[in-house]
Amino acid sequence: VNLFESGSMLLYLAEKTGKFIPTDPVQRVECINWLMWQMGSAPYLGQFGHFYKYYAPKRKLSYPIERYTMEAKRIVDVLDKQLA
C-alpha cells in the first residue's frame with residue numbers, strides 16, 4: 001500500500017487496527033469529516049504564519065495578512081464552536 005497524505009495514513013491505520021475510528025456509521029462519518037476538515041484547514045494556518053511572520057512585513061503588504069488572518073479566524077471559530 002502506498003500512502004502519502006496524513007489523512008489517508010490515519011484512516012489506513014484506523015481501519016487496519018480497528019481502533020481510533022467509530023464503527024457506528026454516523027459517528028464514523030463525523031470522525032472522517034473532522035479528519036478532512038483538519039487536512040483542509042492546516043495549510044491555511046501555515047500560510048497565515050508564513051505571511052504574518054516572514055513575507056508581508058518585509059514587503060509592506062497588507063492583503064496576505066488580512067486574507068490569511070480572516071481565514072485563520074474562521075477556521076479556529078469552526079473548531080471553537082465544535083468544542084464548546
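Refer to the structure printed above.
Remember, it's a predicted structure, so these values are computed and weren't measured experimentally.

Undergrad: Would you mind going over the overall build of the chain with me for this structure?
TA: Summing up its helical and strand segments, the chain has three helices and zero strands in all. Written out in order from the N terminus, the α and β elements of the chain read α-α-α. In terms of C-alpha radius of gyration, the chain reaches 17 Å, well past the compact-globule figure of 12 Å for 84 residues. Structurally, the chain occupies a C-alpha span of about 50 × 35 × 10 Å along its principal axes. Within the chain, buried positions represent 14% of all 84 residues. A fraction of 43% describes how many contacts in the chain between residues 6 or more apart in sequence connect residues 24 or more apart.

Undergrad: How should the environment of Met36 be read in this particular structure?
TA: Here Met36 shows up in helix H2 (residues 25-59). Met36 sits 15 residues away from Ile21 along the chain, and the two C-alpha atoms are 13 Å apart.

Undergrad: Sorry, what's going on with the packing of aromatic side chains here?
TA: The relation between two aromatic rings is expressed through the spacing of the ring centres and the mutual angle of the planes. The full count for this structure, using the stated rule, is four aromatic pairs. Through pairs of rings, three or more aromatic residues link up here, namely Tyr44, Phe51 and Tyr68. One residue, Arg67, lies across the ring of Tyr68, its end atom 5.4 Å from the ring centre.

Thresholds, definitions, all that
Residues numbered from 1 in each chain as written. Predicted model: local features only at pLDDT ≥ 70, side-chain atom pairs only at ≥ 80, totals over all residues. Heavy atoms only, no water. Helix = DSSP H or I, 4+ residues; strand = E, 2+ residues; numbered from the N terminus. Rg over C-alpha atoms; globule rule 2.2 N^0.38 Å. Buried < 20%, exposed > 50% of the residue type's maximum accessible area, 1.4 Å probe, protein only. Contact = heavy atoms within 4.5 Å. Phe/Tyr/Trp six-rings, centres within 6.5 Å; stacked < 30°, edge-to-face > 60°. Lys NZ or Arg CZ within 6 Å of the ring centre and 35° of its normal.

In short, geometric facts, not functional conclusions.
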